[in-house]
Amino acid sequence: MSRKASDHDYNLRSMTNLMGDRWKKVSDDGERSLIKAASSSSSISSQAAAASSSSSSSAAAAAAASSTGDLERAARKQFQQDVTPAFVYVLAAFSALGGFLFGYDTGVVSGAMLLLKREMRLSALWQELLVSSAVAAAALSAQAGGFLNGLFGRRVCILLASFLFSAGGVVLSAAPNRETLLVGRLVVGLGLGIGSMTVPVYIAETSPTQLRGQLVTVNTLFITAGQLVASIIDGAFSYLQHNGWRYMLGLSVVPAVLQFLGFLFLPESPRWLIQKGLTQKARRVLSQIRGNQNIDEEYDSIKNSIEEEEKDCGGEGPVIWRMLTYPPARRALIVGCGLQMFQQLSGINTVMYYSATILQMSGIRDDKLAIWLVAVTAFTNFLFTLLGVWLVERVGRRRLTLGSIVGTSLSLCLLAVGFLLSAQHSPPVTLHPSGTSNATCTTYLSCEPCMLDPGCGFCYRENSTAVFASSCEPINGASTDRAAWGRCSNTTVMRDHTYWAYNFCPTSYYWIVLLGLVLYLACFAPGMGPMPWTVNSEIYPLWARSTGNACSAGVNWTFNILVSLTFLHLAQYLTYYGAFFLYSSLAMLGFIFIYGCLPETKGRRLEEVESLFEGNLCSCGASDSDEGRQVEYIRVKGSNYHLSDNDGSDVE
Ligand SMILES: O[C@H]1[C@H](O)[C@@H](O)[C@H](O)[C@@H](O)[C@H]1O
C-alpha cells in the first residue's frame, strides 16, 4: 500500500534532498523533526493512524509556521504532544527516583565515613566493610530481583526496593553502633540491587518507542543527580562534627518514601501483565499510558510476540538455562553483561572517588574545599549525562557508546601521562629523621614511593618555586589525614606552609591530570555511563528480560566492587600511571567488543529487538546498515504523516 502525501504534507524526499546528508543534519540540528520509526509497516500504520486521529490542533500549529525550520519544529512538537501523554513522563520520573537513590546511597557514604571513623573509632577494616557491604549485597540481590520480577512484576519490585531504601535509611540514621550500621548498609544494598535492575526495565516497557532511549537514560541522569546531591549534603554536613553522618545517611528516606507512595498508585508494566495472561488489565494500563492513541496494534504485537516466544523458546528448565541454550538470548546476554563489565572496567568509580585527590594535586590542599570540589566533579558527570539524554535518540545507542568509549580510553591515557610525568619529577625527600617507630617510611628517597606506601605520607614545605624540608612519615594509626609525629601530626593544612600529602605528590604537571579528569567525564558520562543500562533494558525478549537484566546488573555491581577494592593495590604495584594505563587498555578492549557486538536498537519496538541477535554474535555491528531499512515519518501542516524510505521512495 502506498501512502500518498496530502497537499499539506511536507514532502520528506525533497526535504532530505534539501538537507543533503540527512543523518549528519539530524544529529547536527536537534530541532529537525525527522523522527525515525522502525521498519515494520504495521507499526507505521498505527502511528500514522494515531496521529491522524488528533489532527486539528496540528493544522493550526503548522499553519502558523512559515519557514521550513518552523514547520519542522511544529511537526516535532505536535508529534510529541500527540504520541506522548504526560503520564509516561510521570511514570519515568517516579521510577527514576530509584536511580536517584542508587546515586545517593553509593555517593554519600564516603563523606559520612570521614565523620563516622572519628566518632565510632572505626578501623580500616570496618570502614571498608561499611562501604563495600552495600555494593556486595546489591550484586546478590540483583539476582533475586530477576526472579522476583518474573514472579510478582516490576511494580511490586520497585515498591520493595523503595521500602528497603526507606528501612535502611532509618536504621542507618538511628544506628547506635557499627554492627547496626552494617545491617543498615546491607538493607540499603538489597534495595540497590533490586531497584537498579527493575527501574530501567519498567521505564523501557512503558515508554513509546521513539522516546524509550531518552527516558531510560533519564534514570542514569538521576543516578548522577543522586551522586551530586550526596556530595553537596556531604559538604554541608561535614561542618557538623557530631552526628552529621546521621543526616547524611538518613536523608535518603525522603525520596524513597516518595517513590513508595507514588508506586502505590502507578500501574504495572503492560508487557508483564500480558505475559501473565492479565489481558484486560493490560489493555486498561496501555490505554492509560498511551492517552489518545489506538493501542490495538501495540497490544497485538506484544501478544503475538509472547505467543511466538512460547513456541520458539518455551523449552524446559530455569530461564537462565534457556537463555544460555537459545542463541539470540545468549548473544544478548553476552552483549549486556559485556557492556556492564566494560563500564566498570573503564574506572568510573575510581576516577570519581579519586577526583578529590586529583584536585588536591592541583594545589587545593584544604580538605573542606576538596570535599566541595568533589561536588564539581559530580556536577560535571551530571551535566554530560544530560548530553547523553539529548543525544541518545539522535545519534543512536551504538554510535554514542562507541564514541564515548574511544574518548574515555584516550582521556584515561592522558590521566596516566599526567601521573607518569608527576612521578618522574617527584620531589626528593630531604630530611630523614631517625629513631622512629616506622623505619620503612624514613627510608624512601622521593615522594612517589612514600606516597604509594599505604602506611606513609609526605610532609613538606614549599615556596613559590620549589618543595623543600620534606620528609616521609608514618600515618597516625588508622587515620590517614595526619602524621604519627612531627610537623605534620596536627592537622592537614599547617599554618607555617607545611603540608601533609597522603595520597598525592606536589607536582607542576597537575594540569594534565586535571584536563584528563574533565575530558574523562565529558567522554564517559554521555555514553558509557548510561548506555549499558539503556541497552540492557531493550535487548532481551520478554521471557528473558528480568533474568537478563538481573545478570547484567549483577555483573555491574560485581565489577564495581572489584575495581574499587583493587585500585589501591593496583596503584601500589603498578603505580598510578600504570593503573590508569591499564584502565585505558581495558577501555580499548571494550571498544573492540562493542564495535563487533552491539547492534543499534534505536527506533525499534522491544518486540523487534530480538531479531538483531539472530546472526553471529559479532556481526551485529553490521546493523548500522539496518538504518537503510528504517523509515522516517513526519507530520506537518495537515493531518497525515508522509512516509518515506531511505532512498526517498514512498513506503509500501
Ligand atoms: O551508570 C552509572 C553512572 O555512570 C555512575 O556515575 C556510576 O557511579 C555507576 O557505577 C554507573 O553504573
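Shown above is the structure to which this text applies.
Only a predicted model underlies this, so the values are computations on that prediction, with no experimental measurement involved. (Residues numbered from 1 in each chain as written. Predicted model: local features only at pLDDT ≥ 70, side-chain atom pairs only at ≥ 80, totals over all residues. Heavy atoms only, no water.)

**Quick notes on the overall build of the protein**
Basically, it comes down to this: In DSSP terms, a helix is any run of H or I states spanning at least four residues, a strand is any run of E spanning at least two, and both are numbered starting from the N terminus. Throughout this description, buried means an accessible area under 20% of the type-specific maximum (1.4 Å probe, protein chains only), exposed means over 50%, and partly exposed covers the range between. Only heavy atoms matter for contacts: two residues are in contact if any of them lie within 4.5 Å across the pair. For the area figures, the Shrake-Rupley method with a 1.4 Å probe applies, and any residue is considered shielded solely by the protein chains shown.
Secondary structure summary: the protein contains 26 helices and seven strands in total. The proportion of buried residues among the 652 residues of the protein is 59%. Pairs at least 24 apart in sequence give 76% of the contacts found in the protein among residues at least 6 apart. Surface exposure of the protein reaches about 25000 Å², of which carbon and sulfur atoms provide 62%.

**Things to note about the nonpolar core**
Generally speaking, a soluble globular protein has its nonpolar side chains buried in company with each other. Where we set the bar: For the purposes of this section, nonpolar cores are sets of buried Ala, Val, Leu, Ile, Met, Phe, Trp, Tyr and Cys residues that join through side-chain atoms within 4.5 Å.
Core analysis: the largest hydrophobic core is formed by 66 residues, its most contacted members being Leu412, Leu415, Phe419, Ile539, Tyr576, Phe580 and Ile594. Per-element accounting of this core gives the leading share, 16 residues, to helix α25 (residues 542–597). For Tyr576, the contacting residues outside a window of four places in its chain are Tyr354, Phe419, Met451, Leu452, Asn503, Phe567 and Ala571. Membership of the second largest hydrophobic core comes to 52 residues, among which are Leu164, Leu172, Leu182 and Ala550.

**Concerning the packing of helix α8 (residues 154–174) against helix α9 (residues 178–206)**
Packed helix pairs are specified by the crossing angle of their axes together with the interaxial distance, meaning the distance between the axes. How we decide: Fitted lines through C-alpha atoms give the axes, limited to the stretch in contact for helices. The angle between two N-to-C directions lies from 0 to 180 degrees. Each angle receives one of four descriptions, namely roughly parallel if under 35 degrees, roughly antiparallel if over 145, roughly perpendicular if within 65 to 115, and oblique otherwise. What makes a crossing left-handed is the near helix being turned counterclockwise from the far one by less than a right angle; a clockwise turn instead makes it right-handed. All amino acids are sorted into three groups, where Ala, Val, Leu, Ile, Met, Phe, Trp, Tyr, Cys and Pro are nonpolar, Asp, Glu, Lys and Arg are charged, and the leftover types, Gly among them, are polar.
Their axes nearest at 7 Å, the elements α8 and α9 cross at an angle of 155°. The angle between α8 and α9 falls in the class roughly antiparallel. Of the two elements, α8 crosses α9, and the hand of that crossing is left-handed. Taken together, the residues of the contact of α8 with α9 break down into 18 nonpolar, seven polar and three charged.

**Describing the site of the ligand**
Condition: Nearness here has a simple test: a residue counts as near a molecule or strand if at least one of its heavy atoms is within 4 Å of that partner. Polar contacts, as counted here, are pairs of nitrogen or oxygen atoms within 3.5 Å of one another; within protein the pair requires one atom able to donate a hydrogen and one able to accept it, and residues that are adjacent in sequence qualify only if both atoms are side-chain atoms.
In the region of the ligand, the neighbouring residues are Phe102, Thr220, Gln227, Gln343, Gln344, Asn349, Asn381, Phe524, Gly529, Trp533, Asn556 and Asn560. Here an oxygen atom of the ligand sits 3.1 Å away from a polar atom, N or O, in the side chain of Trp533. Out of a free accessible area of 300 Å², the ligand has 98% covered by protein chains. For the shell around the ligand, the per-class residue count stands at three nonpolar, nine polar and no charged.

**Quick notes on a nonpolar patch on the surface**
Selection criterion: To count toward a patch, a residue needs a relative accessible area above 30% and no salt bridge. Like charges then connect within 9 Å, nonpolar side chains (Val, Leu, Ile, Met, Phe, Trp, Tyr) within 5 Å. When a carboxyl oxygen of Asp or Glu lies within 4 Å of a side-chain nitrogen of Lys or Arg, that pair is called a salt bridge.
Taken together, the side chains of Phe147, Leu151, Phe152 and Val156 define a hydrophobic patch exposed on the protein surface, amounting to about 390 Å² of accessible area. At three residues, the largest contribution of residues to the nonpolar patch is made by helix α7 (residues 124–152). Locating Phe152 in the fold gives a position in helix α7. For Phe152, a relative accessible area of 43% corresponds to the partly exposed category.

**Overview of the packing of α9 against helix α10 (residues 209–237)**
For the pair α9 and α10, the least separation of the axes is 9 Å and the interaxial angle reads 155°. The orientation of α9 relative to α10 falls into the category roughly antiparallel. Classified by chirality, the crossing of α10 by α9 is right-handed. Of the residues in α10, those touching α9 at Val199, Pro200, Ile203 and Ala204 are Arg212, Leu215, Val216 and Asn219. Considering only residue class, the contact of α9 with α10 consists of six nonpolar, one polar and one charged.

**Observations concerning the pairing of strand β2 (residues 456–462)**
Spelled out, the test is: Here, any two strands with at least 2 DSSP bridges between them count as paired.
The buried fraction of β2 amounts to five of the seven residues, a majority that puts the element mostly inside the structure. Bridge count between β2 and strand β3 (residues 467–476): six bridges; the pairing is antiparallel. Paired with Gly457 across the strands is Glu473, a residue of β3. Between β2 and β3, which follow one another and run antiparallel, lie four residues. Relative to strand β5 (residues 498–501), β2 runs antiparallel, the two being bridged by four bridges. Along β5, the bridge assignment pairs Cys459 with Trp500.

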